[in-house]
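Fold and geometry: a report
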Amino acid sequence: MKMIFNYLIFYGIGMIYLIGFQSLKLTAQKTNYKSIDTTFIDFSKTLILEDDIDTTANVSFGDFDADGHLDVLLVKGRHWPIVDRVLLGDGLGGIKKSYNLGEIADRSYTGGLADFNGDGLIDIAVSNDAPDHKLIYYNNGNGNFIIGSTFGLPKWPTRNLSVADVNLDGLPDLILANRGRAPTSNYICLNMGGGKFNSDCIPFAPYPSTTITPLDMNKDGNIDFLVPHRNGGQSYVYIGSPNMVYSDSNRIPFGSANSQIRTAAVADFNGDNHLDIVAIDEIIGVNIYFGQKDSTFSGGISLSDSKMIPYAMTIADLNNDNSMEIIVGHVKSPSLVFYNDGASNKFKSTSFGDANGTVYGFAVGDFNEDGILDIAAARSEATNILYFGSVKAK
């Protein structure tokens, strides 16, 4: 089975990072990173996924036509209506066919992948900004899709979505991050069965967000949510309960009190069995908060300041050393991989790609099936591109 890492796509307890949170110290710190003796990956070989340049918001890998090879979903639009695209992979690093996901041009941000209707095929949930309907596309088995359901309300200013079995009924549910300028809320939309959703969603986290990460922070079997504040405010982790109550009285702050975090991720980056948080903030840059023995977190350790404005991030074990690397995309600057030695809180960054456009999302997987992970980047104002990984010892 191929390794696939899709930004913001989580389905079920088994795919959620387990993490313990307590109060966080909020002072940013600088660290000088020494050279790490490990194997790095070269990403100089590329494939332009489309000739057209538009406002692409995200990219996902999945086997849509059930042929055993990874395919590509390009989610397009953001604030402008564009039709999303499916690109079928040939297993050798090429594209054998490309076509529209559907007939509707809409303001899309994320294509969440899961078997929503229980037929064993990968379906797609597309999060759309207002005033467009948010849509579930069912897979017919050969990579073609039909609209099967809507979810939430068209008026919601939805950005990205994530997928998790929130009520533990074995069905993938949807978590919507809404970035309203006025008082707003984020929402949980439950799968009613058969891949059907409605507008009767559960509100929580009453502040603007662009990404939400599901996890089981306290290892109690319930879904918790890491909810970064996007517009200059305090971010929180919301603690779950068996009855799916996500109360403002049961949440834990992280990051600064005026953060503008686009996205955050969690993993045990330094191998101490305490999970850590990494976040990208377009004002202060890339910061990591290390988990401590007393269940608190360190202050924000700066991996990169905002001289290059970070706009996209994902994590993956690129060099197969059982520790997670941090992949960051920027506005009009090359992307960076922060390689991790997995033991001493040290990272070494290397750049890849060009400085064109803005990277809005990543997908990571072995697209050409050579045993080395590749990176797809969704970009606005630049072509969408696939970077093939190859081993390069340093």
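Going by the structure above, here's the rest.
What this report covers is the structure whose coordinates are included nearby. If you're wondering where the values come from, they're calculated on a predicted model, not measured in any experiment.

1. With respect to the environment of Phe 197
As for its placement among the helices and strands, Phe 197 is situated in the loop between strand 14 (186-189) and strand 15 (202-204). When its relative accessible area of 7% is taken as the criterion, Phe 197 is described as buried.

2. Brief notes about the layout of surface pockets
Roughly 240 Å³ of internal volume is contained in the second largest pocket. Considering the residues around the second largest pocket, the lining is formed by 19 residues, among which Tyr 109, Arg 159, Thr 210, Arg 262 and Tyr 360 are closest to the centre. For the lining of the second largest pocket, a count of residues per class yields seven nonpolar, six polar and six charged.

3. A short note on unusual backbone geometry
Omega for the peptide link from Ala 130 to Pro 131 comes to 5 degrees, which places this bond in the cis form. By secondary structure assignment, the location of Pro 131 is in the loop between strand 9 (123-128) and strand 10 (134-139). For Asn 273, which is not a glycine, the phi torsion comes out positive at approximately 70 degrees. Along the polypeptide, Asn 273 turns up in the loop between strand 20 (261-267) and strand 21 (276-281). Classification of Asn 273 by relative accessible area gives exposed; the value is 72%. Residue Lys 332 is not a glycine yet carries a positive backbone phi of 50 degrees. Tracing the backbone through its elements, the reader meets Lys 332 in the loop between strand 25 (325-330) and strand 26 (335-340). Note on Lys 332: relative accessible area 63%, which makes it exposed.

4. Thoughts on the pattern of salt bridges
Inspection of every chain in the model, using the stated rule, returns 11 salt bridges. The salt bridge partner of Arg 251 is Asp 248, with a shortest N-O separation of 3.5 Å. For Arg 379, the salt bridge identified is with Asp 354, shortest N-O distance 2.6 Å. With Arg 379 in strand 29 (residues 374-380) and Asp 354 in the loop between strand 27 (347-352) and strand 28 (358-365), this pair connects stretches of sequence that are 25 residues apart. Taking relative accessible area as the criterion, Arg 379 reaches 2% and is therefore assigned buried. What makes Asp 354 partly exposed here is its relative accessible area of 32%.

5. Here we look at empty space enclosed by the protein
The full count for this structure, using the stated rule, is one cavity of 30 Å³ or more. Each pocket or cavity is described by its volume, and for the largest cavity that value is around 30 Å³. Surrounding the largest cavity, Ser 333, Pro 334, Ser 335, Phe 352, Asp 354, Asn 356, Val 359, Arg 379 and Tyr 387 form its lining. Residues of the lining of the largest cavity, tallied by class, amount to four nonpolar, three polar and two charged.

6. Some words on the sheet that holds strand 24 (residues 310-316)
Read from one edge to the other, the open sheet built from four strands follows the order 24-25-26-27, with strand pairing classed as antiparallel. Either end of the sheet is taken by a strand with one partner, and the two such strands are strand 24 and strand 27. Across the sheet, the axes of successive neighbouring strands diverge by a mean angle of 20 degrees, strand direction being ignored.

7. Notes on the packing of aromatic side chains
Two aromatic rings are characterised by how far apart their centres lie and by the angle between their planes. According to the stated counting rule, one finds 16 aromatic pairs in the structure shown. Aromatic side chains Phe 352 and Tyr 387 sit 4.9 Å apart centroid to centroid with 85 degrees between the ring planes, which places their arrangement in the edge-to-face category. Residue Phe 352 is found in strand 27, and its partner Tyr 387 is found in strand 30 (residues 385-393); the two are separated by 35 residues along the sequence. Exposure class is identical for Phe 352 and Tyr 387. Each is buried. Three or more aromatic residues joined by ring pairs make a cluster, and in this case those are Phe 204, Tyr 207, Phe 225, Tyr 236, Tyr 238 and Tyr 246. Of note, Lys 45 hangs over the ring of Phe 388, and the distance from its end group to the ring centre comes to 5.3 Å.

8. Section: the nonpolar core
In terms of nonpolar packing, the biggest core is built from 19 residues, with Phe 43, Leu 318, Ile 327, Phe 352, Phe 362 and Ile 375 touching the most fellow members. For this core, the secondary structure elements donating two or more residues are strand 3 (39-48), strand 24, strand 26, strand 28, strand 29 and strand 30. Residues Ile 288, Leu 303, Leu 336 and Phe 347 belong to the second largest nonpolar core, which totals 18 residues.

Thresholds applied
One numbering rule holds for all chains: residues counted from 1, following each sequence as written. Side-chain atom pairs in this predicted model are given and counted only at pLDDT of 80 or more, local residue features only at pLDDT of at least 70, and totals for whole chains, interfaces and linings cover all residues. The side-chain values count all of the structure's non-hydrogen atoms but skip hydrogen atoms and water molecules. Each helix is a run of H or I in the DSSP string that is no shorter than four residues. Each strand is a run of E no shorter than two, and both are numbered from the N terminus. The buried label goes to any residue with under 20% of its type's maximum accessible area, the exposed label to any with over 50%, and the partly exposed label to all in between, with areas taken from a 1.4 Å probe on protein chains only. A cavity here means a set of 1 Å grid points, computed over protein atoms only, where a 1.4 Å probe fits but cannot escape. A pocket is an open set with protein on both sides within 12 Å along at least 5 of 7 lines, and lining residues have an atom within 4 Å of a point. Grid points are joined across faces, edges and corners, and a volume is the space filled by probe spheres set on the points. Just so you know the grouping, Ala, Val, Leu, Ile, Met, Phe, Trp, Tyr, Cys and Pro go in nonpolar, Asp, Glu, Lys and Arg go in charged, and all remaining residues, Gly too, go in polar. Salt bridge, as applied in this entry: a Lys or Arg side-chain nitrogen positioned within 4 Å of an Asp or Glu carboxyl oxygen. Any two strands are treated as partners once DSSP identifies two or more bridges connecting them. A fitted line through C-alpha atoms serves as each axis, taken over the contacting stretch for helices, and the angle formed by two N-to-C directions is quoted from 0 to 180°. Note on aromatic pairs: the rings of Phe, Tyr and Trp (six-membered ring only in Trp) are paired at centre separations within 6.5 Å, and the planes decide the class, stacked below 30 degrees, edge-to-face beyond 60, tilted for the rest. Our definition puts a charge over a ring when NZ of Lys or CZ of Arg is within 6 Å of the ring centre and also within 35 degrees of the ring normal. Nonpolar core, defined: a set of buried Ala, Val, Leu, Ile, Met, Phe, Trp, Tyr and Cys residues in which side-chain atoms within 4.5 Å join the residues together.

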